[in-house]
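# Observations on chain architecture
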Amino acid sequence: MRHAILPAAILSAALALSGCGEKSVEANNEKPSAVASKVAAANAAGAVHFNPGRWETTVKMVKLDADGMPPEAKQMMEKMMGQGHTVSSCMTKEEAEKPNGKFFGQADENCTYDHFSMGGGTLDAKLTCKAPQGSNVIAMKGTYTPETYTASMQMQVQGPNGKAMKMTMDMAAKRTGECTGKEDSEQMRPS
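Residues numbered from 1 in each chain as written. Predicted model: local features only at pLDDT ≥ 70, side-chain atom pairs only at ≥ 80, totals over all residues. Heavy atoms only, no water.

Attention now moves to the confidence of the model for the chain. Summing up the model confidence of the chain, the mean pLDDT is 78 and the portion of residues at 70 or higher is 76%. In the model, residues 1–22 has pLDDT below 50 throughout and makes 77 contacts with residues more than four positions away in sequence or in other chains. (pLDDT = per-residue confidence, 0-100. Contact = heavy atoms within 4.5 Å.)

Moving on, we come to the pattern of salt bridges. What the rule picks out here adds up to 7 salt bridges. We note a salt bridge from Glu147 to Arg175, for which the minimum N-O separation is 3.9 Å. Here Glu147, found in the loop between β8 (134–144) and β9 (148–158), pairs with Arg175, found in strand β10 (residues 164–177); they are 28 residues apart in sequence, far enough to count as distant. Each of Arg54, Glu56 and Glu183 takes part in one network of salt bridges that share partners. (Salt bridge = Lys/Arg side-chain N within 4 Å of Asp/Glu carboxyl O. Helix = DSSP H or I, 4+ residues; strand = E, 2+ residues; numbered from the N terminus.)

In this model helix α2 (residues 32–44) runs 18 Å from its N-terminal to its C-terminal C-alpha over 13 residues, within 8% of the 18 Å that 1.5 Å per residue would give. Residues of α2 that are buried: Pro32, Val35, Ala36, Val39, Ala40, Ala42 and Asn43. Buried residues of α2, seen end-on, are gathered within an arc of 160 degrees and therefore sit on one face of the element. (Expected span 1.5 Å × (residues − 1). Buried < 20%, exposed > 50% of the residue type's maximum accessible area, 1.4 Å probe, protein only. Arc of directions from axis to C-beta.)

This brings us to the state of the cysteines. Throughout the structure, instances matching the rule amount to 2 disulfides. Between Cys90 and Cys179 runs a disulfide, and the two sulfur atoms are separated by 1.9 Å. Judged by the sign of its S-S torsion, about 95 degrees, the cystine formed by Cys90 and Cys179 is right-handed. With Cys90 in strand β5 (residues 84–91) and Cys179 in the loop between β10 and β11 (189–190), the pair connects residues that are 89 residues apart, well separated along the chain. For Cys179, a relative accessible area of 31% translates into the label partly exposed. Residue Cys111 pairs covalently with Cys129 via a disulfide, S to S 2.0 Å. Torsion about the S-S bond of the Cys111 and Cys129 cystine: about 110 degrees, corresponding to right-handed handedness. (Disulfide = S-S within 2.5 Å.)

Our focus in this paragraph is the packing of aromatic side chains. For the structure on display, the rule yields 2 aromatic pairs. Note on Tyr113 and Phe116: the rings are 5.1 Å apart at their centroids and 75 degrees apart in plane angle, and the pair reads as edge-to-face. Side by side, Tyr113 and Phe116 carry an identical accessibility label, which is buried. (Phe/Tyr/Trp six-rings, centres within 6.5 Å; stacked < 30°, edge-to-face > 60°.)

Have a look at this one:
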C-alpha cells in the first residue's frame, strides 16, 4: 500500500497550495527539493501560499492493471475499486511557508519531476523515480484552492522482473480546521 500512500503525500502537499496572482511555479527535469525551493520562493513572493492546518485526503482507486497478479489479489483489488480511503494530516505553519523535498512526498533524490506546473488553481506534474528494484512514473493533474483540491493520478510501476502495474486514482482533499494532534498521517482508513 506504500505506493498508494506516496502519491497521496505528494498531492496533499503540492495541491494544498493556493494560487494568488498570476505567477506560477514551472520546472522541468528537476529534483523534488528544487521544486520545493521554487514553491517556497513563490510563497515568499506572495504568488503561492499554503493554508496550514488539518487536511483530510480521500483516495479512490479507479483502475488497476497488474501483470501476473494472482486471481485472489485481483478480486480483492476489484472490491476496493471506487471505495474511498481517507487519511488526515497536519500541515504546520513552518511546512506551509518553507516546504522541502520530503514535504513533496519523496525524500530521496532518485526522483525527478519531468515537468511540474502549478499556478492559477491548476497542477500538472509528472514524477519519475528510479531504483534498483524498478521504476515509478506518476502523472498528476488537478485543481486547487487554499482550502480544497481534486486530482487524478496515473501511476506506472515497472519491476525488475519486467512485470508492470498501472493504476489510476482520484483524490479529493479539504482543510478541516486546526491541527488536533490526532492526525493519522500515512495510515489510510476506509471513508
